[in-house]
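# Commentary on secondary and tertiary structure
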Amino acid sequence: MTAPIASTAPLAPASRAGSVREVAQLAFPIVLTQMSQTVMHVVDSIFVGQLGAAQLGALGFAGIWLWTVFSLFNGCATGVQTFVSQTHGAGRDAECGRWAWQGFYAVVPLTALALFGFAAVAEPLFARLGTSEALREHALDYVRMRPIGFTGFALWIVLAAFFRGLGDTRTPLVATLIANAVNIVLDYGLVLGRLGLPAWGIAGAGVATSIAEWVGALVMLLAFARPSLRRAYGTRPVAPDGAEIRRFLRTGAPIGGQWVLDMSAFALFTTLVARMGDASMAATQAMISLLSLSFMQAIGIGLATTTLVGRYKGAGSLDAALRSLVSALKLAVALALAVAALFLLAPEALIGLYTDDAEVLRLARPLLALGAAFQLFDALQIVLSGALRGAGDTRWPFVAQTLLAWALRLPLVWLFAFVWEAGVVGAWYAEFVFILVLALALGWRFRTGAWKEVAI
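Remember, predicted model here, so these are calculated numbers, not experimental data. (Residues numbered from 1 in each chain as written. Predicted model: local features only at pLDDT ≥ 70, side-chain atom pairs only at ≥ 80, totals over all residues. Heavy atoms only, no water.)

## Focus: unusual backbone geometry
We note that Leu-195 has phi near 60°; this positive angle belongs to a residue other than glycine. Within the fold, Leu-195 resides in the loop between α7 (170-192) and α8 (202-224). Unlike most non-glycine residues, Glu-421 shows phi in positive territory, near 55°. Among the secondary structure elements, Glu-421 is positioned in the loop between α15 (395-419) and α16 (423-448). In this structure Glu-421 comes out as exposed when scored by relative accessible area, which is 68%. (Helix = DSSP H or I, 4+ residues; strand = E, 2+ residues; numbered from the N terminus. Buried < 20%, exposed > 50% of the residue type's maximum accessible area, 1.4 Å probe, protein only.)

Okay, structure coming up:
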């Protein structure tokens, strides 16, 4: 296997700086990468869904809690992109590689400790959360297979942030496509017992995804080690530097904190849904999986926005940074409207990909109608958050999103779902109100211009 040649993007001509075309060219491979990662999750859900509603619900429940723990390190690792993009934009290319190494030292070892620790306490934790015994046992089977995979994924995220900071979005795409192919084959074999492999059910999905994540990480590592990158961007190994790690964490840790506290709130949201019954949790899992069609597109555009805002701010071109955000928002809205049309025109066909359970289908149909509007505002807040990260403005969004998640989102979920007895549909209406207010708050922050003064 040969690593792809990294191709970084130079600053665009002034006439094209921040244009929709520039954003689209940078974002398109990232969107494909994110969609491919989504396909990995969708494939897991489709194969596991053939085992039953309890297994499908368990996959979503376990996945949310695992991502809650991992999101602290995932968010922190994306800080590498901010440092690399601003350093590249300022013309100090030889310093870019150091930030990948300092990000590695700050993130990867702690990821392993945290995920193996979570797997050790998952059984009593899930028991206290009040889920059904069947769902809990299936969820534990999956959780125990995932810590080693998440460790490889942390390495993958650090290296992907480095390449994207340089404007190279092709290398992460190649790694993701290879990993996705591995996951599909192993899911087919290990979940259902095909290709001469054992039928491990939901645990097999965990093993398949973990192996695929390490394959992706190794592809990225081969690309990172190329002599051409070592000469141009200083990617040779360097020792941990306490001052640089602390500087990195001042920017990266608020991103991780923002993500983990938001995900904690969402994990509690899914726990409340799980207590409504296996059918409600299975419908929510199908909803989350389908929302990822839009979510991952927005994440891709948001990551491109992080690179461009960081690059142009590093180069001192704040007008181009602002134009990049406006162009990214236009692109995100266009794609979100296309997904909304799909949700509204073909709900039965989409839900039928996951299950034929009559109760799950009944619950999922109104959720998709709500999801059409939800994913539009979700796309807006994702892109705005990406722009603020590129500027290095990470502390204010951390505080704002945390307060909204815990002071608005969860109380509304309880009010709509339980007090007003609207069930799982009411819970998702509460999610919609939260995401709408968050998008407005992040938009207001960028309009204040405070991002222009933030130094990393």
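## A short note on the environment of Val-413
Structurally, Val-413 can be placed in helix α15. Counting along the chain gives 13 residues from Val-413 to Gly-426, while the straight-line C-alpha distance between them is 7.1 Å. The residues touching Val-413, leaving out its near neighbours within four places in the chain, are Phe-269, Leu-272, Phe-418, Ala-427 and Ala-430. (Contact = heavy atoms within 4.5 Å.)

## Describing the packing of aromatic side chains
Taken as a whole, this structure holds 24 aromatic pairs when the rule is applied. When the centroid spacing of 5.1 Å and the interplanar angle of 85° are considered together, the rings of Phe-162 and Phe-224 count as edge-to-face. Pair noted here: Phe-162 is in helix α6 (residues 147-166) and Phe-224 is in helix α8, with a separation of 62 residues, a long-range link. Relative accessible area serves as the criterion here: at 0%, Phe-162 is assigned to the buried category. (Phe/Tyr/Trp six-rings, centres within 6.5 Å; stacked < 30°, edge-to-face > 60°.)

## Topic: the nonpolar core
In this structure, Phe-61, Val-107, Phe-126, Phe-162 and Trp-428 are the most contacted members of the largest nonpolar core, which totals 145 residues. The element best represented in this core is helix α11 (residues 278-314), accounting for 16 residues. (Core = buried A, V, L, I, M, F, W, Y, C linked by side-chain atoms within 4.5 Å.)

## Digging into the pattern of salt bridges
Where side chains of opposite charge bring their charged atoms close, a pairing between them can arise. Inspection of the entire model under this criterion finds nine salt bridges. The closest approach of N and O atoms between Glu-359 and Arg-362, which form a salt bridge, is 2.6 Å. In this pair, Glu-359 and Arg-362 both sit in helix α14 (residues 358-390), three residues apart, roughly one turn of the helix. We classify Glu-359 as partly exposed; its relative accessible area is 35%. Its relative accessible area of 47% is what places Arg-362 among the partly exposed residues. Asp-393 is the salt-bridge partner of Arg-445, the closest N and O atoms lying 2.9 Å from each other. (Salt bridge = Lys/Arg side-chain N within 4 Å of Asp/Glu carboxyl O.)

## Details of α7
Along its 23 residues, α7 runs 33 Å from first to last C-alpha, staying within 8% of the 33 Å computed at 1.5 Å per residue. Considering bend angle alone, the principal kink of α7 is centred on Leu-186 and spans about 25°. Taken from the residues just after α7, Gly-193 is the one with a positive phi, measuring 75°. (Expected span 1.5 Å × (residues − 1). Bend = angle between axes of the 7 residues up to and from the residue.)

## A look at the state of the cysteines
Inspection of the entire model under this criterion finds zero disulfides. Residue Cys-76 stays outside any disulfide, its sulfur separated by 18 Å from that of Cys-96, the closest cysteine. Judged by relative accessible area, which is 0%, Cys-96 ranks as buried. (Disulfide = S-S within 2.5 Å.)

## Let's talk about the confidence of the model for the protein chain
Taken as a whole, the protein chain shows an average pLDDT of 88; of its residues, 96% reach a score of 70 or greater. Here residues 1-7 scores under 50 on pLDDT; set against residues more than four positions off or in separate chains, the count is 22 contacts. (pLDDT = per-residue confidence, 0-100.)

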